[in-house]
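Chain by chain, the residues:
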Amino acid sequence: MFSKTADPTSAPAQPRNQGPGGNTGRSVLGADLRITGEITTTGSVEVLGEIDGNITANGLIVGHEGRVTGSVTAQTVEVRGKLDGKVTCDSFTLRASAEVKADITTGGIIIESGAQIEGRFLKAKG
């Protein structure tokens, strides 16, 4: 019934969850999901459920109730829940509620008071 004419001087609209560099969206894996297998994306992943497998992404957020078991390769990793495995990233953030058992290779680390870590940190080469 109603329509709006596009402004010919404006930039073309980007598809939802996509920026100028391609698929840079964020996928949210809900609390009711349990996934076994490999996840690969050029965007970011927020895990609220359970993942048992490897994750390759631009960014990873493990939510308060989230749990990841496996290898993670990402630019940025932020953990609020549980992570068990091996991590390779540029920036690693442990929030106060985090419980991590992993060997972490990273260029930068932020650890909030209260976070629990068992494992070791290695400096990224380069």
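Residues numbered from 1 in each chain as written. Predicted model: local features only at pLDDT ≥ 70, side-chain atom pairs only at ≥ 80, totals over all residues. Heavy atoms only, no water.

Caption draft 1: Looking closely at the pairing of strand E8 (residues 67-73). Both strand E5 (residues 50-52) and E8 contribute to a ladder of 3 bridges, which runs parallel. Bridge pairing links Glu-50 to Arg-67 in E8. Of the strand pairs in this sheet, strand E6 (residues 55-56) and E8 are connected by 2 bridges, and their pairing is parallel. Considered in E8, the bridge of Ile-55 is made with Val-72. When E8 meets strand E10 (residues 82-88), the two strands line up parallel, connected through 7 bridges. Residue pairing in the sheet places Val-72 in a bridge with Val-87 of E10. (Pairing = 2+ DSSP bridges. Helix = DSSP H or I, 4+ residues; strand = E, 2+ residues; numbered from the N terminus.)

Caption draft 2: Molecular detail of the sheet that holds strand E1 (residues 26-29). The parallel open sheet is built from 6 strands, whose spatial order is E1-E4-E7-E9-E11-E13. Single-partner strands in this sheet number two, and they are E1 and strand E13 (108-111). Adjacent strand axes in the sheet meet at a mean angle of 10 degrees, parallel and antiparallel pairs treated alike. As defined by bridge partners, E1 adjoins strand E4 (residues 44-47) across 4 bridges and the pair is classed as parallel. (Axes fitted to C-alpha atoms, helices over the stretch in contact; angles between N-to-C directions.)

Caption draft 3: Structural view of the packing of aromatic side chains. Within this structure, the stated rule accounts for 1 aromatic pair. When the centroid spacing of 6.2 Å and the interplanar angle of 65 degrees are considered together, the rings of Phe-92 and Phe-121 count as edge-to-face. Here Phe-92, found in strand E11 (residues 91-94), pairs with Phe-121, found in strand E14 (residues 116-123); they are 29 residues apart in sequence, far enough to count as distant. (Phe/Tyr/Trp six-rings, centres within 6.5 Å; stacked < 30°, edge-to-face > 60°.)

Caption draft 4: Expanded view of the pattern of salt bridges. On inspection of all chains with the given rule, the structure shows 7 salt bridges. Between Arg-67 and Glu-50 there is a salt bridge, with its nearest N and O atoms 2.9 Å apart. Placement of Arg-67 in strand E8 and of Glu-50 in strand E5 is noted, with a sequence separation of 17 residues between them. You can call Arg-67 partly exposed: its relative accessible area is 23%. Taking relative accessible area as the criterion, Glu-50 reaches 31% and is therefore assigned partly exposed. Among the ionic pairs, Arg-80 bridges to Glu-78, the shortest N-O distance being 2.6 Å. Owing to a relative accessible area of 28%, Arg-80 belongs among the partly exposed residues under this scheme. Residue classification places Glu-78 among the buried positions, given a relative accessible area of 15%. (Salt bridge = Lys/Arg side-chain N within 4 Å of Asp/Glu carboxyl O. Buried < 20%, exposed > 50% of the residue type's maximum accessible area, 1.4 Å probe, protein only.)

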